[in-house]
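Coordinates in review
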Amino acid sequence: MKTGTQRLRVIDSHTAGEPTRIIVSGGPDLGKGSVASKLALFRDKFDSLRSAVVNEPRGSDAIVGALLCEPQDPACVAGIVFFNNVGYLAMCGHGTIGLMVTLAYLKKLSPGRHQIETPVGKVTAHLHDDARVTVQNVVSYRHASKVKVEVPGHGPVTGDIAWGGNWFFLVNDHRMDISFANIDRLTEFTWAIRQQLQKHKITGRDGQEIDHIELFGPPQAPEADSKNFVLCPGKSYDRSPCGTGTSAKMACLYADGKLHAGQVWRQESIVGSIFEGAVAENAGELHPSITGSAFVNGDSELILDPQDPFCFGIRP
């Protein structure tokens with residue numbers, strides 16, 4: 001990092017209640033490689049910048065950060081690296097929706113279809129005229145079904161393992177109340193599940209860590225099909241219905257014959273916001289799409305003063 005004071009321009013937005021903070025200028029030069037290689041360089045050389053942006057005292061555990069960068073593919077309007085309070089995200093559905101609204105705010109794009117380069121590949125996003133965005137996510141699939149794990153204090157818990165741009169353990173059968181008033185117990189339960197998955201080496205494909213836990217229950221909104229609670233990697237819950245989590249859920253529903261191509265699935269979040277999802281199959285691969293709304297709510301400059309003992313965030 002630089003030895004002098006550094007200034008970063010960031011745009012804050014929220015997608016269905018979940019905050020996104022995007023560095024739009026002042027960030028490091030990550031070269032000309034793929035966005036995946038940019039993520040690796042950012043993680044290896046500039047991780048303190050990640051912490052400075054999203055951790056206290058400037059941020060909070062709920063904020064998902066991102067670095068706007070040049071895409072390697074000239075067909076893409078932007079490249080994006082997503083991160084949070086503990087590390088990096090392969091893909092972020094709500095963050096991509098927030099990115100599109102942020103780019104529109106910066107007058108870098110107009111309504112229509114655009115391609116974004118992410119660490120896990122290109123995604124297509126359609127910016128509508130009413131702050132709504134439809135993201136065509138990466139190919140999603142169920143990796144394993146009816147996986148059982150013993151959770152101390154709760155007994156056996158059965159769930160599916162699915163990929164929606166991140167790895168999820170999805171649980172339908174539980175005794176928890178999926179309500180905002182029950183967030184502390186939901187957090188404790190889902191964190192215990194994640195710890196047991198790690199302890200018993202239950203993973204996604206090729207040993208990849210399952211770092212999101214998702215519970216489902218009956219919706220409160222009459223137009224919704226389901227209500228979820230999603231625990232993110234840093235032990236914070238997702239205020240939105242979670243774009244990658246909704247993609248993973250639809251992959252499981254499709255595998256069970258409970259969701260058909262083109263059928264709309266409305267997922268309600270723990271705070272009552274809703275994403276609309278659908279899937280399409282092409283050459284045996286499942287392509288989910290997620291539609292939601294985002295709003296810019298901040299345009300500011302972060303000052304990184306190396307004399308500040310918490311310049312790069314409060315970390316363990």
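Residues numbered from 1 in each chain as written. Predicted model: local features only at pLDDT ≥ 70, side-chain atom pairs only at ≥ 80, totals over all residues. Heavy atoms only, no water.

**What to know about the packing of aromatic side chains**
The test is simple: The pairing test for Phe, Tyr and Trp rings, Trp by its six-membered ring, is centres within 6.5 Å, and the orientation test on the planes gives stacked under 30 degrees, edge-to-face over 60, and tilted for anything in between. Going along the chain from the N terminus, every DSSP run of H or I of four or more residues is numbered as a helix, and every run of E of two or more is numbered as a strand. Accessibility here uses a 1.4 Å probe with only protein chains present; expressed as a share of the type maximum, an area under 20% marks a residue as buried, one over 50% as exposed, and anything in between as partly exposed.
Applying the stated criterion across every chain, the model contains six aromatic pairs. Each ring, one from Tyr141 and one from Trp167, has its centre 5.8 Å from the other, and the planes form 85°; the classification is edge-to-face. Taken as a pair, Tyr141 in strand S9 (residues 141-151) and Trp167 in strand S11 (residues 167-171) lie far apart in primary sequence, 26 residues in all. A relative accessible area of 22% means that Tyr141 is categorised as partly exposed. Exposure remark for Trp167: the relative accessible area of 3% places this residue in the buried category. Relative to Trp167, the ring of Trp163 has its centre 5.3 Å away and its plane inclined at 55°; by these criteria the two rings are tilted. No difference in accessibility class separates Trp163 from Trp167, as the two residues are buried.

**Quick look at the state of the cysteines**
Inclusion rule: Throughout, a disulfide means two cysteine sulfur atoms within 2.5 Å of one another.
One pass over the full model with this rule turns up zero disulfides. Cysteine Cys92 is unpaired, with the sulfur of Cys242 as its nearest cysteine sulfur at 7.4 Å. Cys92 gets classed as buried once you look at its relative accessible area, which sits at 6%. Left without a disulfide partner, Cys242 is nearest to the cysteine sulfur of Cys232, which lies 6.1 Å away. Looking at Cys242, the relative accessible area reads 4%, which means it is buried.

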